[in-house]
Number of protein chains: 2
Amino acid sequence: MDLRQLGEFGLIDRIQKRFPPPASTVPLGIGDDAAAILPSAKQYLLLTTDSLIEGVHFDPAFSTFREVGYKSVMVNVSDIAAMGGAPRFFLISLGLTRRQTVEEIDHLYQGIEKGSREAGLDLLGGNVAFSTGPFFISPTVLGEVPKKEMITRAGAREGDGLYVTGTLGDAAAGLALLQKGIETKPFARLVRRYRSPQARWREGRLLAKARIPSAMIDLSDGLSSDLGHVLKQSGLGAEIEADRLPLSSSLRRAALQMGTDPLEYALHGGEDYELLFSVPESKTRKLEKMIEDGLIAARRIGRMAPRRIGLRLKEPSGRSRSIASGGWDHLKRGRK
Amino acid sequence: MDLRQLGEFGLIDRIQKRFPPPASTVPLGIGDDAAAILPSAKQYLLLTTDSLIEGVHFDPAFSTFREVGYKSVMVNVSDIAAMGGAPRFFLISLGLTRRQTVEEIDHLYQGIEKGSREAGLDLLGGNVAFSTGPFFISPTVLGEVPKKEMITRAGAREGDGLYVTGTLGDAAAGLALLQKGIETKPFARLVRRYRSPQARWREGRLLAKARIPSAMIDLSDGLSSDLGHVLKQSGLGAEIEADRLPLSSSLRRAALQMGTDPLEYALHGGEDYELLFSVPESKTRKLEKMIEDGLIAARRIGRMAPRRIGLRLKEPSGRSRSIASGGWDHLKRGRK
């Protein structure tokens, strides 16, 4: 069906039907001038917005509309996770093009629905507009966090341990495989991590509730770049140990096939949406116990150091070299 | 300066500096993974998002970046006003193109700043991305309204009076003059209303506080279209009296020059951002007194009627005719 036949209000009706009636904390959902919620007085309300634009943040040749919808939710949920928050509500602003069919928009919303169900988000409303392209989707996600549990980028202290959840570099390697036209079947894990990232809100809540991290950020632009934000806002430097970086076997195999160093993906590759966090010495035993007990998959990769040392990588040989933040800059449109 | 030289983080720093440190209700503003606010427990938190896309919602030949920034705030504030709410916070998602200069973005933010200062909004954060175009700006605005004062589209009752603030059709006539290339100097008021609309949040709060409206909506798509939403959600019809529609003398002159009926602009022209509201008979005296006292500029234009009569216009001759909703449909990309 052509989107113009359905029209704006037809599409809104369709979206409204897909998303179940909101919870009791949402007195007014989709369909009025604004939505209304009744937030808790005991918690901070967290807000974030991050867009996916066709041709910039995704390539329609590499991702389906379902995947784009899912990912657009997850990249925003990841920001809530990085504050130690629980995802709660969202709005979606869509810029459609005349090429899009109603079926494609249905697929997009299937992906949005999947992501929002997993993360426990209620849809509050949004906006749909038709443009000359490119297609864009710009969700705003709200979360909640008990006041004393909120974690910023600014709380790290010298000597704190530096930890990361999951593995690093997978998504960037997955995208590189797609871009190089390499057969991706043996690397399904990497491509899946690029197309359908899993935001770590469960891990973020668990860590926040246990009051473990002194600072936290999600890895969207790449370890070197995102750690750079923590260093800047905490007024510190850091030393990373190369042989402690969590690299998946898929990443190692893919890097071998592409003739590149897997460390490059782990250090500078974006879109892993893992959590990077600093942990005071007094809390490391508690965290290591949680890791041993299988409550959370995380690993120590280094430590916070004085500002003057900058960001350094300690190689297995024992030699240490300075590394520059090499993540993605959206305006410079490429690696910094 | 070229935007790519400044970079994403340079631009964010620049924006952060422009907007003053947020109030005590904003524990965490721009610059972390998410912003944090502490909303009141006694009020509903209202949320809305509405985009302006270049070539769809504005033409760079007709509006400056300063005007686009200002308008992007006002169209969202207008949605908060329509709920009876006070504007409080906002986030901005920007899609920039490589053509844009830092000066243009500064102008855009000057307009955003002007609008947000007037409306009393604190900037919480946002997102900037570079795309192949068109430029878009997608604010999310939050407001607050005491629980018992929130006004939806669904509360109108048969027999309620129908009122509108300000004058109708000015913005659409202003745009028509620009599009036809007619000398706009004699019609500065109309063009200003198109370029820099004033959202009626003061009027919305005043009406809500006095518990006057049974239903309310802002006029973004046009009287016939927006009234249609109220009729649908309240399960009613309505009768409008043509000779009671508030037409400015500028609109009458412009319509004369363009050889069109000013009523067409008033009935079907969008972007006036006035408030349309229904008032129970028991409240009309109070409202009429407020109007007489100069507290609010509003006028009765008709009444809510049974659903079966649909939307009718009573002409000065006494004849009544059915009118179709003729407002803007963003996906159909034109008049319905």
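Conventions adopted
- Residues numbered from 1 in each chain as written.
- Chains lettered and ligands numbered in written order.
- Predicted model: local features only at pLDDT ≥ 70, side-chain atom pairs only at ≥ 80, totals over all residues.
- Contact = placed C-beta atoms within 7 Å.
- Helix = DSSP H or I, 4+ residues; strand = E, 2+ residues; numbered from the N terminus.
- Nonpolar A, V, L, I, M, F, W, Y, C, P; charged D, E, K, R; others polar.
- Pairing = 2+ DSSP bridges.
- Buried ≥ 20, exposed ≤ 12 C-beta atoms within 10 Å, placed from the backbone.
- Domains from an automatic or database assignment.
- Expected span 1.5 Å × (residues − 1).
- Least-squares fit on C-alpha atoms with pLDDT ≥ 70 in both.
- Core = buried A, V, L, I, M, F, W, Y, C linked by C-beta atoms within 7 Å.
- Axes fitted to C-alpha atoms, helices over the stretch in contact; angles between N-to-C directions.

### Brief notes about the interface of chain A and chain B
At the junction of the two partners, chain A supplies 59 residues and chain B supplies 61 residues. Listing elements by their share of the side of chain A that touches chain B, those giving two or more residues are α1 (3-18), β1 (35-37), β2 (43-49), α2 (65-81), β4 (86-97), β5 (122-131), β6 (136-146) and β8 (215-218) of chain A. Counting residues per element, the side of chain A that touches chain B draws most heavily on β5(A), at eight residues. Taken together, the residues of the side of chain A that touches chain B sort by class into 31 nonpolar, 17 polar and eleven charged. Here three bridges tie β1(A) to strand β2 (residues 43-49) of chain B, and the two strands are oriented antiparallel to one another. In the strand pairing of β2(B), A:I37 is matched with B:L45.

### Quick notes on the pairing of strand β12 (residues 311-314) of chain B
Looking along a regular strand, one sees side chains alternate from face to face of the sheet. All names here are of chain B. Inspection of the sheet shows strand β9 (residues 237-241) paired to β12 by four bridges, in the parallel sense. In the sheet register, E241 faces β12, and the bridge partner there is K314. In this sheet, strand β13 (residues 320-322) lies alongside β12 in antiparallel orientation, the contact comprising three bridges. Bridge pairing in β13 places R312 opposite S322. In this antiparallel pair of consecutive strands, β12 and β13, the connection spans five residues, and G318 shows a positive phi of 100°.

### Observations regarding the pairing of β8(A)
Residue and element names in this part refer to chain A. The side-chain alternation of β8 yields two buried faces, one formed by A215 and I217 and the other by M216 and D218. Bridge count between β8 and strand β10 (residues 275-279): four bridges; the pairing is antiparallel. Bridge assignment links A215 to a residue of β10, and that residue is S278.

### Concerning the domain arrangement of chain A
All names here are of chain A. Considered domain by domain, chain A is made up of domain 1 (3-149) and domain 2 (161-335). For domain 1 versus domain 2, the distance between C-alpha centres works out to 27 Å. Each partner contributes to the interface: domain 1 provides 20 residues, whereas domain 2 provides 20 residues. At ten residues, α2 tops the list of elements feeding residues into the side of domain 1 that touches domain 2. Here the residues of the side of domain 1 that touches domain 2 are counted per class, giving twelve nonpolar, four polar and four charged.

### Regarding helix α10 (residues 281-292) of chain B
Over its twelve residues, α10(B) extends 17 Å from the first C-alpha to the last, a length consistent with the 16 Å expected when each residue adds 1.5 Å. Positive backbone phi, approximately 75°, marks B:G294, located one or two places after α10(B).

### As for the relation of the copies chain A and chain B
At an RMSD of 0.0 Å, chain A and chain B line up after a rotation of 180° and a shift of 0.0 Å along the axis. Taken together, the turn and the small shift mark the pair as related by a two-fold rotation axis. When C-alpha distances to the rotation axis are compared across chain A, the minimum falls at A:A41, with a value of 2.5 Å. Looking at the interface residues of chain A, 100% of them are also at the interface in chain B, so both copies use one shared face.

### Topic: the nonpolar core
Among the nonpolar cores identified, the biggest contains 203 residues, and A:L46, A:F90, B:L46 and B:F90 are the most heavily contacted of them. Setting aside anything within four residues of it in sequence, one finds A:F90 in contact with A:V73, A:S116, A:L121, A:L123, A:L124, A:P139, A:T140, A:V141 and A:L142.

### Focus on the sheet that holds β9(B)
Residue and element names in this part refer to chain B. Ordered in space as β8-β10-β7-β11-β9-β12-β13, the seven strands form an open sheet in which the pairing is mixed. A strand with exactly one partner marks an edge of an open sheet, and here the two such strands are β8 (215-218) and β13. When strand polarity is set aside, the average angle formed by the axes of neighbouring strands in this sheet is 25°.

### Some details on unusual backbone geometry
All names here are of chain A. Here the bond from G133 into P134 is cis, since omega is -5°, no more than 30 degrees from zero. The residue R211 is not glycine, and still its phi comes out positive at about 55°. As for its placement among the helices and strands, R211 is situated in the loop between α6 (201-209) and β8.

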